[in-house]
Amino acid sequence: MPLLTAFIAGILFGTGLILSGMTNPAKVLAFLDLGGRWDPSLAFVMVGAILVAALGYRIAVARGRPLLAGKLHLPGAIGIDRRLLLGSLTFGVGWGLVGYCPGPALAALSVGGRPTLMFVAAMIAGMAGFEVVERLASSRATRMQPPAHAGE
């Protein structure tokens, strides 16, 4: 059942992205072009999405759990740190340069042609590179910890 609901949610999300124009890089770049021919239509899409998500979270929190899952998974981190800032900066620069973010890029694979395919390939390579760097950093941090003594 979880796989089916995830599939249905993905289809609905992708369809919404396509219908709203979020998979059209030109429309996204026009939205980001505050000094030129700004297109505010995506702001309405984003505000609508925030309202729907907020309502869903409010209902799930009031129920004590989501409708189709045993537990509500909320983020534990609440602080702003270097990793969050660098990740946000990377995301924003990529979005501003190309006009795609991950969800719309995946939804646009069916209609986007070679540029979309190249973006998704680069995105996957970046994600893989991140995983490699994280594993290397984690193993280095583990090796640098002093050994625990049995008598302590």
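Please refer to the structure higher up on the page.
Criteria and thresholds
Residues numbered from 1 in each chain as written. Predicted model: local features only at pLDDT ≥ 70, side-chain atom pairs only at ≥ 80, totals over all residues. Heavy atoms only, no water. Helix = DSSP H or I, 4+ residues; strand = E, 2+ residues; numbered from the N terminus. Expected span 1.5 Å × (residues − 1). Buried < 20%, exposed > 50% of the residue type's maximum accessible area, 1.4 Å probe, protein only. Contact = heavy atoms within 4.5 Å. Patch = residues over 30% accessible without salt bridge, like charges linked within 9 Å, V, L, I, M, F, W, Y side chains within 5 Å. Areas by Shrake-Rupley, 256 points an atom, 1.4 Å probe, with all protein chains shown as cover. Salt bridge = Lys/Arg side-chain N within 4 Å of Asp/Glu carboxyl O. Core = buried A, V, L, I, M, F, W, Y, C linked by side-chain atoms within 4.5 Å. Axes fitted to C-alpha atoms, helices over the stretch in contact; angles between N-to-C directions. Nonpolar A, V, L, I, M, F, W, Y, C, P; charged D, E, K, R; others polar.

Visitor: So what's going on with helix α6 (residues 113-144)? Which residues, and what values?
Guide: Because each turn of an α-helix spans 3.6 residues, side chains separated by three or four positions in sequence point in the same direction. With 32 residues, α6 extends 47 Å between its outermost C-alpha atoms, agreeing within 8% with the 46 Å of an ideal straight helix rising 1.5 Å per residue. Buried within α6 are the following residues: T116, F119, V120 and M123. On the buried face of α6, the contacting elements are α4 (82-98) and α5 (102-108).

Visitor: I'd like a description of a nonpolar patch on the surface, backed by residues and values.
Guide: A cluster of nonpolar side chains, namely L4, F7, I8, I11 and L12, defines an oily patch on the protein surface of about 520 Å² accessible area. Its location among the elements puts F7 in helix α1 (residues 2-20). With a relative accessible area of 54%, F7 lands in the exposed category.

Visitor: Can you break down the side chain of T23 residue by residue, with the values?
Guide: Inspection of the secondary structure puts T23 in the loop between α1 and α2 (25-32). Residues in contact with T23, not counting those within four places in the same chain, are L17, I18, Y100, P104, A107 and A108.

Visitor: For the nonpolar core, give the residues involved together with the corresponding values.
Guide: The biggest cluster of nonpolar side chains holds 8 residues, and these are L17, M22, V28, F31, L42, W95, C101 and A107. W95 has contacts with V28, L29, F31, L32, M46, Y100 and C101, leaving out every residue within four places of it along the chain. Grouped together as the second largest cluster of nonpolar side chains are 6 residues, Y100, A105, A108 and V120 included.

Visitor: Please give an account of the packing of α2 against α4 that cites residues and values.
Guide: In the contact formed by α2 and α4, the axes pass within 8 Å of each other and the chain directions differ by 115 degrees. Every residue of α4 that contacts α2 at P25, V28, L29, F31 and L32 is listed here: W95, G96, L97 and V98. Each residue belonging to the contact of α2 with α4 can be placed in one class, and the counts come to 8 nonpolar, 1 polar and no charged.

Visitor: Which residues make up the pattern of salt bridges, and what values do they have?
Guide: Side chains that carry opposite charge are capable of pairing whenever their charged atoms lie near each other. Scanning all chains against the criterion turns up 2 salt bridges. A salt bridge links D39 to K27, with the shortest nitrogen-to-oxygen separation between them at 3.1 Å. Residue D39 is located in the loop between α2 and α3 (41-63), and its partner K27 is located in helix α2; the two are separated by 12 residues in the primary sequence. Across the salt bridge formed by R83 and E134, the nearest N and O atoms sit 3.1 Å from each other. Taken together, the positions of R83 in helix α4 and E134 in helix α6 put the pair 51 residues apart, joining distant regions of the chain. The class of R83 is exposed, set by a relative accessible area of 52%.

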